[in-house]
Each structure stands twice: as structure tokens, then as C-alpha cells.
Amino acid sequence: MFKGSMPALVTPFTNGALDLDTLKRLVEWHIQEGSTGLVPVGTTGESPTLSHEEHETVVAEVVKATAGRVPVIAGAGSNNTVEAIRFVQFAQTVGADAALVVTPYYNKPTQKGLIEHFRALHECADIPIIIYNIPGRSVIDMTPETMGELAKLPRIVGVKDATGDIARVSQQRASCGSEFCQLSGEDATALGFNAHGGVGCISVTANVAPKLCAEFQQATLNGDYTKALAYQDRLMPLHEAIFIEPGLVGAKYALSKLGLCSPEVRSPLTELEDSTKAAIEAAMKHAGLL
């Protein structure tokens, strides 16, 4: 069910408030451009600065606007298990196809704590769960062995792996099985990730270049790595430029250059430096977007 290019959607704002009309237009654009799934309210959706009510509104609006045309994987993570249960249950209630649950950040649970956290979320609802492992942000790293233990649960169906460690794909195939859905969470290494057995990417760059990212992913799924490498060459400067500063800020700025979204972000994030803006514009031109 989950494969290909799935943008980790930005959350548009106007004067500090949710801009739901722009959000709906972005959903339509992404589907028309070939995205194979949508992921609202991850970190790229500024989940840390959304209220619970805003979080749930964004998920509900994306599910409604998508209308079953592509899967919606709703961001539902928290470092508070009770709070995460609320988000997972809400995702199921509004009809999301899966919940994306990050490893709890800041409070640094042990591997045993990770198992207990994800087991509680598995038991709280009937929706599939995708683990989001991103040690660079959450500080902790879920080991392949722990993931293999969780993969025994029927509704723990996959991982968004943002470790950047290509060997993890093979290690997780060994621990979780070849049918476990492995999605890259790191745009620059998505080519190698899929060569090792991944089936897609929950992507920041796909916010800006959904058609190119979708075609790139399809080339890898077709086993055409010569074609995929040509796409990688076009996209790599954009992958790098978007992440000079926090990626969602870069993605929103690039979308503003396409006339699709305000660059507005919430504090403590700030407007990009001029040098970063110039790098993103140059990378967009290299990719053929400007």
C-alpha cells in the first residue's frame, strides 16, 4: 500500500493561522503531479508548534481533500505515550490509512521503553503504524533488533528510516522480514536506500518537486537505476540546498517561489538567510523548476 514518493507536507500559515485553502490546493497539486501518498503533520508540517486542535484539523482536512485517491499517513508521534494514543486514535477516526509515529524524543527511553510505547499504540487502535526512526532529532536510535520485535505485531507495518545509514535497510530486512515496508526519510540517500530493498521515500524535497521525485521513485521501483541516477543528479543540489537551514523553511521558501505557499513559519524558526535563498533558487533552476 505504501510506496513511491510521499511528500511530508508543509503546513501553510497566513498571519500566524492555519491556511486551509492553501493546504487543500497543495493536496490537489501533489496528487496531480504523481505523488503516491501524503504525510501531514510530521516535523516538516511544523508539528512541534501546532496545538493539538490544529494538528487534528490538518490531518482531517488532508484526509478529506485526498478523498481516498492516495494513502494518507498521518503524523501521530509524541514523547508522551498518552498523547500519541490520542493522535493515533484520531487518525483512525477520520479515515487516515496509517499513523506515522516517531521514536519518543528528549526523554530518551531505552529499547525496552520503545517496545512498550509502540506496543501501547498498536493496541489502542486498528490502524497500521509506521515507525519513524530519526536519531538526529530524537537522540535515541531504535535498533534493528528492537524493530524486528515490534514487526511481529500485525499492525506495525513499516519504518520511515532517517538514519542515513544505507546498511540499515539490509539489517532491517533481516530482522523484520522482506515484506516490512521500508521508506526512506532522507532524500539525499533515497537512491541507495531503494537499491537495498526500500520501496519509497517520505520526502521533504517532494514538497517542491513532486513530479520529479515521483518519477525518480518509480524508476527505482522499476529497477531502472540508470534513469533514477539521472533524476538524482537533477535533484541532489535541491536536496542539499533545502537543508542548509531547517528543511521545512527551505521547502516553504521554494514553494513561495512557485507561487504555491507563503514562506511563513512559526517561531522559533525564522526566515531564511539571503545566501540560503540564493542556493535554493539556483538548485531549483538546476532541476528545471524555475
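Predicted model, so just to flag it, every value in this text is computed and none were measured.

Definitions and cut-offs
- Residues numbered from 1 in each chain as written.
- Predicted model: local features only at pLDDT ≥ 70, side-chain atom pairs only at ≥ 80, totals over all residues.
- Heavy atoms only, no water.
- Pairing = 2+ DSSP bridges.
- Helix = DSSP H or I, 4+ residues; strand = E, 2+ residues; numbered from the N terminus.
- Axes fitted to C-alpha atoms, helices over the stretch in contact; angles between N-to-C directions.
- Left-handed = near helix turned anticlockwise from the far one by under 90°.
- Contact = heavy atoms within 4.5 Å.
- Nonpolar A, V, L, I, M, F, W, Y, C, P; charged D, E, K, R; others polar.
- 1 Å grid on protein atoms, 1.4 Å probe; cavity = no way out; pocket = protein on both sides within 12 Å on 5 of 7 lines; lining within 4 Å.
- Points joined across faces, edges and corners; volume = space filled by probe spheres on them.
- Salt bridge = Lys/Arg side-chain N within 4 Å of Asp/Glu carboxyl O.
- Buried < 20%, exposed > 50% of the residue type's maximum accessible area, 1.4 Å probe, protein only.
- Parallel < 35°, antiparallel > 145°, perpendicular 65-115°, else oblique.

Draft legend 1. Region of the structure containing the sheet that holds strand β1 (residues 4-7). Read across the open sheet, the seven strands follow the order β1-β9-β8-β7-β6-β5-β4; overall the sheet is parallel. Of all strands in the sheet, those with a lone pairing partner are β1 and β4 (73-75), marking the two edges. Across the sheet, the mean angle separating the axes of adjacent strands is 30 degrees when strand polarity is ignored. Two elements, β1 and strand β9 (residues 200-203), share four bridges in a ladder whose sense is parallel.

Draft legend 2. Layout of the packing of helix α3 (residues 81-94) against helix α4 (residues 111-124). Taken N-terminus to C-terminus, the directions of α3 and α4 make an angle of 35 degrees; their axes are 9 Å apart at the nearest point. Between α3 and α4 the crossing geometry is right-handed. Residues Thr-81, Ala-84, Ile-85, Val-88 and Gln-89 of α3 touch α4, and the partners they reach there are His-117, Ala-120, Leu-121 and Cys-124. Residue classes in the contact of α3 with α4 are distributed as six nonpolar, three polar and no charged.

Draft legend 3. Representation of the layout of surface pockets in the model. Put simply, the largest pocket is a space of about 610 Å³. Surrounding the largest pocket, 31 residues form its lining, Gly-42, Thr-43, Ser-47, Pro-48 and Tyr-105 being those nearest its centre. Those elements giving two or more residues to the lining of the largest pocket turn out to be α2 (52-66), α3, β5 (98-102) and α5 (135-138). For the lining of the largest pocket, the element with the most residues is β5, which contributes three residues.

Draft legend 4. Just unusual backbone geometry, in detail. Put simply, Ser-267 and Pro-268 share a cis peptide bond, and its omega is 15 degrees. Topologically, Pro-268 is positioned in the loop between α11 (247-257) and α12 (274-287). Not every positive phi belongs to a glycine, and Lys-108 is a case in point at roughly 55 degrees. Structurally, Lys-108 can be placed in the loop between β5 and α4.

Draft legend 5. A look at the pattern of salt bridges. Tallying each qualifying case throughout the model produces eleven salt bridges. Notably, a salt bridge pairs Lys-24 with Glu-61, separated by 3.7 Å at the nearest N-O pair. Placement of Lys-24 in helix α1 (residues 20-33) and of Glu-61 in helix α2 is noted, with a sequence separation of 37 residues between them. On the basis of relative accessible area, Lys-24 is assigned to the partly exposed category, the value being 34%. We classify Glu-61 as buried; its relative accessible area is 19%. Ionic pairing is found between Glu-28 and Arg-69, a salt bridge with its closest N-O pair at 2.6 Å. In this pair, Glu-28 sits in helix α1 while Arg-69 sits in the loop between α2 and β4, placing the two residues 41 residues apart along the sequence.

Draft legend 6. A look at the packing of α1 against helix α9 (residues 210-221). Here α1 crosses α9 at 40 degrees, and the two axes come no closer than 8 Å. By the angle between their axes, α1 is oblique relative to α9. Here α1 and α9 pass one another in a crossing that is right-handed. Every residue of α9 that contacts α1 at Trp-29, His-30 and Glu-33 is listed here: Pro-210, Lys-211 and Ala-214. For the contact of α1 with α9, a count of residues per class yields three nonpolar, one polar and two charged.

Draft legend 7. Representation of empty space enclosed by the protein in the model. Across all of its chains, the model carries two cavities of 30 Å³ or more by this definition. By volume, the largest cavity amounts to about 60 Å³. Taken together, Ser-5, Asp-187, Ala-190, Cys-201, Ser-203, Cys-213, Phe-216, Gln-217, Leu-235 and His-239 make up the lining of the largest cavity. Among the elements of the structure, β9, α9 and α10 (225-242) are those that each provide at least two residues to the lining of the largest cavity. Broken down by element, the lining of the largest cavity gets its largest block of residues, three residues, from α9. Tallied by class, residues from the lining of the largest cavity come to five nonpolar, four polar and one charged. Considering only enclosed or pocket space, the second largest cavity measures out at about 30 Å³ in volume. If you trace the second largest cavity, you find it lined by Asp-161, Thr-163, Gly-164, Asp-165, Ile-166, Ser-184, Glu-186, Thr-189 and Phe-193.

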